[in-house]
Amino acid sequence: AAVRDGRRALELARRAVAASPVWEHRRTLAMALAETGAFAAALDAQQQALADARSRGVPAAVLAELETELRGYAEGRPT
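These numbers were taken from a predicted model, which means no experiment stands behind them. (Residues numbered from 1 in each chain as written. Predicted model: local features only at pLDDT ≥ 70, side-chain atom pairs only at ≥ 80, totals over all residues. Heavy atoms only, no water.)

Engineer: Requested: an account of the side chain of Gln 46, with residues and values cited.
Structural biologist: Along the polypeptide, Gln 46 turns up in helix H3 (residues 39-55). On the accessibility criterion, Gln 46 (0% relative accessible area) is buried. In terms of polar contacts, Gln 46 uses its side chain to reach the side chain of Glu 69, at 3.0 Å. Setting aside chain neighbours within four positions, we find Gln 46 in contact with Arg 27, Ala 30, Leu 66, Glu 69, Leu 70 and Tyr 73. (Helix = DSSP H or I, 4+ residues; strand = E, 2+ residues; numbered from the N terminus. Buried < 20%, exposed > 50% of the residue type's maximum accessible area, 1.4 Å probe, protein only. Polar contact = N/O pair within 3.5 Å; in protein donor to acceptor, adjacent residues only side chain to side chain. Contact = heavy atoms within 4.5 Å.)

Printed below as a string of structure tokens:
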């Protein structure tokens, strides 16, 4: 907890998505958004990450992780 910096994480994640909007970067953005309490935006970013991951044929185990994280954001829990 002493080294967590949600605002900095959000800034870096937004840069990553702007440079390359792949599912991995969207997932990171969702994590940063949830860390700062922006759960509605985290849900949106995670849904985009999940859709992109599905379209790219990401393994089922990874998709399951993304879905678990999505449910957490819906419940107001950061990852």
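Engineer: Explain the packing of helix H2 (residues 23-35) against helix H4 (residues 60-74) to me, using residue names and the numbers behind them.
Structural biologist: It is at 11 Å that the axes of H2 and H4 come closest, and there the two elements cross at 25°. Taken as axis vectors, H2 and H4 run roughly parallel relative to one another. Our pair here, H2 against H4, has a crossing hand that is left-handed. Of the residues in H4, those in contact with Trp 23, Arg 27, Ala 30, Met 31 and Ala 34 of H2 are Val 62, Glu 65, Leu 66, Glu 69 and Tyr 73. (Axes fitted to C-alpha atoms, helices over the stretch in contact; angles between N-to-C directions. Parallel < 35°, antiparallel > 145°, perpendicular 65-115°, else oblique. Left-handed = near helix turned anticlockwise from the far one by under 90°.)

Engineer: Tell me about the packing of H2 against H3, and please be specific about residues and values.
Structural biologist: It is the contact of H2 with H3, at a shortest axis distance of 8 Å, that shows an interaxial angle of 165°. The orientation of H2 relative to H3 falls into the category roughly antiparallel. In terms of crossing hand, the pair formed by H2 and H3 is left-handed. In this structure, H2 contributes Trp 23, Arg 26, Arg 27, Leu 29, Ala 30, Leu 33 and Ala 34 to the contact, and H3 contributes Phe 39, Ala 41, Ala 42, Ala 45, Gln 46, Gln 48, Ala 49, Asp 52 and Ala 53. Residue composition of the contact of H2 with H3, grouped by class: eleven nonpolar, two polar and three charged. (Nonpolar A, V, L, I, M, F, W, Y, C, P; charged D, E, K, R; others polar.)

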